[in-house]
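Examination of the molecular architecture
Chain by chain, the residues:
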Amino acid sequence: MASPLSSPLLLLLVAIVLHCVVHASASGANPTAGFVKVDLTDGNFQVQSPYNVPESQRFRYSHGVRQFWVLDTDKPFNTATRTNPCTEVRLRGHDYSSGVWQFQGYGYVPSGTSGVSVM
């Protein structure tokens, strides 16, 4: 009689369980592993706010916090675009066309706000 440990089905089952255990423990891994920290300066931040109001009415930087405001009546950041109202930041000097980049930050959208897009 053959040993149950030599069964191909049992060996497959053991392999699947081991695979699942290894990947389950990896899910708790640091999500930034493999990425390199890039320090940003104020010169890297290009604010794009409605062309018809001063930037100071839609953006503020104080004590390490960047605040953006968008009103539903705002214009695009320039007259050549047909985008919806927005205030955003472009990171100059770190443009990319391939690869994987990760950005970390905190966001707060007040209750009652509509039409929000955070990308």
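Counting its regular elements, the protein chain contains 1 helix and 4 strands. Along the chain direction, N to C, the helices and strands of the protein chain fall in the order α-β-β-β-β. Accessible surface, the protein chain as shown: approximately 10,300 Å² in total, 58% of it carbon and sulfur.

Attention shifts here to the pairing of strand β2 (residues 59–62). By the bridge criterion, 4 bridges tie β2 to strand β3 (residues 65–68) in an arrangement that is antiparallel. Bridge assignment links Y61 to a residue of β3, and that residue is R66. The hairpin turn running from β2 into β3, its antiparallel successor, is 2 residues long, and H63 in that turn takes a positive phi close to 55°.

Moving on to unusual backbone geometry. Positive phi outside glycine occurs at H63, with the angle close to 55°. Inspection of the secondary structure puts H63 in the loop between β2 and β3.

By the element assignment, D74 lies in the loop between β3 and β4 (88–91). The class of D74 is buried, set by a relative accessible area of 8%. One polar contact links D74 to R58, side chain to side chain, over a distance of 2.8 Å. Within polar-contact distance, the side chain of D74 engages the backbone nitrogen of L71 at 3.0 Å. With residues up to four places along the chain from it excluded, the contact list for D74 reads P50, R58, W69 and P85.

So, about the layout of surface pockets. Considered as a void within the structure, the largest pocket measures approximately 2,700 Å³ in volume. Taken together, 48 residues form the lining of the largest pocket, with F68, V89, F103, V118 and M119 sitting closest to its centre. Looking at the lining of the largest pocket, the elements with two or more residues in it are β3 and β4. For the lining of the largest pocket, the class distribution of residues is 26 nonpolar, 15 polar and 7 charged.

Another point: the environment of T113. By the secondary structure assignment, T113 is in the segment after β4. Its relative accessible area of 41% is what places T113 among the partly exposed residues. A C-alpha to C-alpha distance of 10.0 Å links T113 and L71, two positions 42 residues apart in sequence. At 2.6 Å, the side chain of T113 forms a polar contact with the backbone oxygen of P110.

Rules used throughout
Numbering of residues starts from 1 in each chain and follows the order in which that chain's sequence is written. Only residues with pLDDT of at least 70 get local features here, since the model is predicted, and only at 80 or more are side-chain atom pairs given and counted; chain-wide, interface and lining totals rely on the full set of residues. Water and hydrogen atoms play no part in the side-chain values, which are based on all heavy atoms of the structure. Elements are defined by DSSP. Helices are runs of H or I of four residues or more, strands are runs of E of two residues or more, and each kind is numbered from the N terminus. Residue exposure ignores everything except the shown protein chains as possible cover, and the areas themselves are Shrake-Rupley values with a 1.4 Å probe. Here, a strand pair is defined by DSSP locating no fewer than two bridges between the strands. A simple rule labels every residue: compare its accessible area, found with a 1.4 Å probe on the protein chains alone, to the largest value its type can have, and call it buried under 20%, exposed over 50%, or partly exposed in between. Any N or O atom pair separated by 3.5 Å or less is treated as a polar contact, with the protein-specific requirement of one donor-capable and one acceptor-capable atom, and with residues adjacent in sequence counted only for side-chain atom pairs. We call two residues in contact when some of their heavy atoms are within 4.5 Å. A 1.4 Å probe that fits into a set of points on a 1 Å grid over the protein atoms alone but cannot get out defines a cavity; an open set with protein on both sides within 12 Å along at least five of seven lines defines a pocket, and lining residues are those with an atom within 4 Å of a point. Grid points are joined across faces, edges and corners, and a volume is the space filled by probe spheres set on the points. Residue polarity follows a fixed list, in which Ala, Val, Leu, Ile, Met, Phe, Trp, Tyr, Cys and Pro are nonpolar, Asp, Glu, Lys and Arg are charged, and the others, Gly among them, are polar.

On their own, these measurements won't tell you what the molecule is for.
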